[in-house]
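# Topology and contacts: notes
Chain residues, written in single-letter form:
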Amino acid sequence: MFYEVKNAKRARELLAKLKNGNAANGKKIYQRPELACVNCHKIKGIGLSNIGPDLGSIGASAPADYILESLIEPSKKIKEGYKSSTITMKNGDFYGGSVVFENGNLIKIKDAAGTETSLQKSKIESRKASKVSMMPSGLTDSLSEAEFIDLLKYLSELGK
């Protein structure tokens, strides 16, 4: 991968090129079906799904290096409220996704397709918090360096 984040020098090089990025082109890249960004994220409430966080203010709330890392290694830092869990029921059924509601008797979990399922706690065999983001890694691997920088520029300007 041309932008290996584990190499801090390479990450700094990419961030230095950000000033030359094209946010308008980055928006088009963000909207590409094969990247699937729009399948999970809304921007200022507009979009297909709220599986992932709304990105409308990400540029104002997160520095570019954080956004870069999130694109490359989505499981490294998962935003609170979007951590996934795996739940196995006593009857053997299995559910995975984000817990969107919980009280003393019930858990409501939303899967990667956005489907919410209510589960009775008394019927749960096991529950485990996942350390893996619902956002798969590798989504930006097909981008050229220039495209990646444009996408990063677009995201880093959202909310500013």
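Nothing here was measured: the structure is a model prediction, and the numbers come from that model. (Residues numbered from 1 in each chain as written. Predicted model: local features only at pLDDT ≥ 70, side-chain atom pairs only at ≥ 80, totals over all residues. Heavy atoms only, no water.)

The next point concerns the packing of helix α5 (residues 64-72) against helix α6 (residues 145-157). At their nearest, the axes of α5 and α6 sit 10 Å apart, and the two run at 125° to each other. Between α5 and α6, the angle is such that the two are oblique. Classified by chirality, the crossing of α6 by α5 is right-handed. Across the interface between the two elements, A64, I67, L68, L71 and I72 of α5 pack against F148, L151, L152, L155 and S156 of α6. (Axes fitted to C-alpha atoms, helices over the stretch in contact; angles between N-to-C directions. Helix = DSSP H or I, 4+ residues; strand = E, 2+ residues; numbered from the N terminus. Parallel < 35°, antiparallel > 145°, perpendicular 65-115°, else oblique. Left-handed = near helix turned anticlockwise from the far one by under 90°. Contact = heavy atoms within 4.5 Å.)

To continue, consider the environment of A64. Mapped onto the elements, A64 comes out in helix α5. Counting along the chain gives 91 residues from A64 to L155, while the straight-line C-alpha distance between them is 8.3 Å. What A64 contacts, discounting residues up to four positions off in sequence, is L15, L18, L152 and S156.

Within the secondary structure, H41 sits in the loop between α3 (37-40) and α4 (58-61). Not counting residues up to four positions away in its chain, the partners in contact with H41 are Y30, S49, G52, P53, L55 and M135.

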